[in-house]
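Structural characterization, general
Okay, here's what each chain looks like letter by letter:
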Amino acid sequence: MGRLAGKVAIVTAAAAGIGRASAVAMAREGAKVFAADIDEAGLGKLKAENNTIETLTLDVCDAAKVRAAREQTGPVDVLVNCSGFVHHGTVMEVSEKDWDFSFDLNVRAHFRMIQAYLPAMLERGAGSIVNIASVVSTIKGAPNRFLYGATKGAVIALTKQLAADYVGRGIRANAVCPGTVETPSLIARMRARGDYDKARAEFLARQPTGRLGRPEEIASLVTYLASDEAAFVTGQAFIIDGGWTI
Ligand code: NAD
């Protein structure tokens, strides 16, 4: 019996990277998993490789679509909020539009999903919410990540407030704070710098372990926090960064 046998989970941004790995890991542990994303082709590939996973086309920036998704999936035991965009630049390179976009996808989407899925968790007196933040947040500043770090700090704060409000009602909320993880978007960002090898070497230089993280390593922590093994764990931000913040 898997650690998540009998549980239903929804994961946002699940067509790639950490979200995808989390959906796969939780399904392997016996959960019925809904993998939600805007990328239909990516979801199709996920489904082809993991036929027990249910896929759901969902733009987490659309409140009506989030409500419709809740109707479609029914109640869940586990909500993993994984959507997030990395804006590159200092405070002087952030437009109002950039600010709105990043806060919408990285923070407000989590608020929308939580508002949609929490009431049924409260009715049943049980639920685990896992929000993917980052070490680049209240934990660590990084050059050229002004807006990204601000959104991820908000994710940690949102998680703690949620945990405080519902700790007596069977709801747990935790944040996962990865360091640098080799995902499609990271590879795209390294390529976008022009000199891929140089960009990769710069990312590796800040890794005392000498390598980048793997999505599956983050998914293991997500799975633990989703499971009843973590019944005594709430309101925390867990760093998983290959020693970047030692
Ligand atoms: P990714 O960026 O490779 O993939 C993100 C997924 O989000 C894609 O499948 C994309 O289609 C989906 N998506 C984008 N907009 C969406 C929307 N409006 N609605 C639904 N889905 C949408 O994934 P990643 O690099 O694994 O990042 C996942 C999360 O982990 C993000 O919150 C990111 O900030 C965080 N994180 C990543 C790293 C890293 O190094 N990769 C480090 C720390 C934190």
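Everything that follows concerns the structure shown earlier in this document.
Conventions and cut-offs
- Residues numbered from 1 in each chain as written.
- Predicted model: local features only at pLDDT ≥ 70, side-chain atom pairs only at ≥ 80, totals over all residues.
- Heavy atoms only, no water.
- Core = buried A, V, L, I, M, F, W, Y, C linked by side-chain atoms within 4.5 Å.
- Buried < 20%, exposed > 50% of the residue type's maximum accessible area, 1.4 Å probe, protein only.
- Helix = DSSP H or I, 4+ residues; strand = E, 2+ residues; numbered from the N terminus.
- Contact = heavy atoms within 4.5 Å.
- Near = heavy atom within 4 Å.
- Polar contact = N/O pair within 3.5 Å; in protein donor to acceptor, adjacent residues only side chain to side chain.
- Nonpolar A, V, L, I, M, F, W, Y, C, P; charged D, E, K, R; others polar.
- Expected span 1.5 Å × (residues − 1).
- Salt bridge = Lys/Arg side-chain N within 4 Å of Asp/Glu carboxyl O.
- Pairing = 2+ DSSP bridges.
- Right-handed = clockwise from strand over helix to strand, strands pointing away.

Some details on the nonpolar core
- In terms of nonpolar packing, the biggest core is built from 30 residues, with M26, V33, I53, V80 and V176 touching the most fellow members.
- Where this core is concerned, the elements lending two or more residues are β1 (8–12), α1 (17–28), β2 (32–37), α2 (40–49), β4 (78–81), β5 (127–132) and α8 (215–226).
- Residue contacts for V80: discarding those within four places in its chain leaves I10, V11, T12, M26, V130, I132 and V222.
- By size, the runner-up hydrophobic cluster in this structure holds 25 residues, among which are V66, A69, M121 and L122.

Topic: the site of the ligand
- The environment of the ligand is formed by 28 residues, the closest being I18, D37, Y148, T183 and S185.
- A distance of 2.6 Å separates an oxygen atom of the ligand from a polar side-chain atom of D37.
- Here T183 contributes a side-chain N or O atom positioned 2.6 Å from an oxygen atom of the ligand.
- Among the secondary structure elements, those contributing two or more residues to the shell around the ligand are α1, α5 (146–166) and α6 (184–192).
- Its residues assigned to classes, the shell around the ligand shows 16 nonpolar, eight polar and four charged.

Considerations on α5
- Between its terminal C-alpha atoms α5 stretches 31 Å, which fits the 30 Å expected from 21 residues at 1.5 Å a residue.
- Those residues of α5 lying buried are L147, Y148, G149, T151, K152, G153, V155, I156, T159, L162 and A163.

Re the pattern of salt bridges
- Tallied over the entire structure, the rule returns 13 salt bridges.
- R112 is the salt-bridge partner of D104, the closest N and O atoms lying 2.6 Å from each other. The two residues D104 and R112 agree in class, both being buried.
- Of the charged contacts, one joins K198 and E202 as a salt bridge, the two residues approaching to 3.3 Å between their closest N and O atoms. Here the residue K198 and the residue E202 both occupy positions in helix α7 (residues 196–205), the gap between them amounting to four residues, near one helical turn.
- The partly exposed category is assigned to E202, whose relative accessible area is 40%.
- The network of salt bridges with common partners includes R3, E29 and E229.

Structural notes on the pairing of β5
- Summarising burial for β5: six of the six residues are buried, a large majority.
- Residues G127, I129 and N131 of β5 are buried on one face, and the alternating residues S128, V130 and I132, pointing to the opposite face, are buried as well.
- Of the pairings in the sheet, the one linking β4 to β5 comprises four bridges and is parallel in character. Following the sheet pairing, L79 is matched in β5 by I129.
- Regarding the hand of the β-α-β motif, the stretch spanning β4, helix α4 (residues 96–124) and β5 is right-handed.
- Strand direction decides the pairing type here: β5 and strand β6 (residues 171–178), joined by six bridges, are parallel. By the bridge assignment, I132 is partnered in β6 with V176.
- Crossover connection from β5 via α5 to parallel β6: handedness right-handed.

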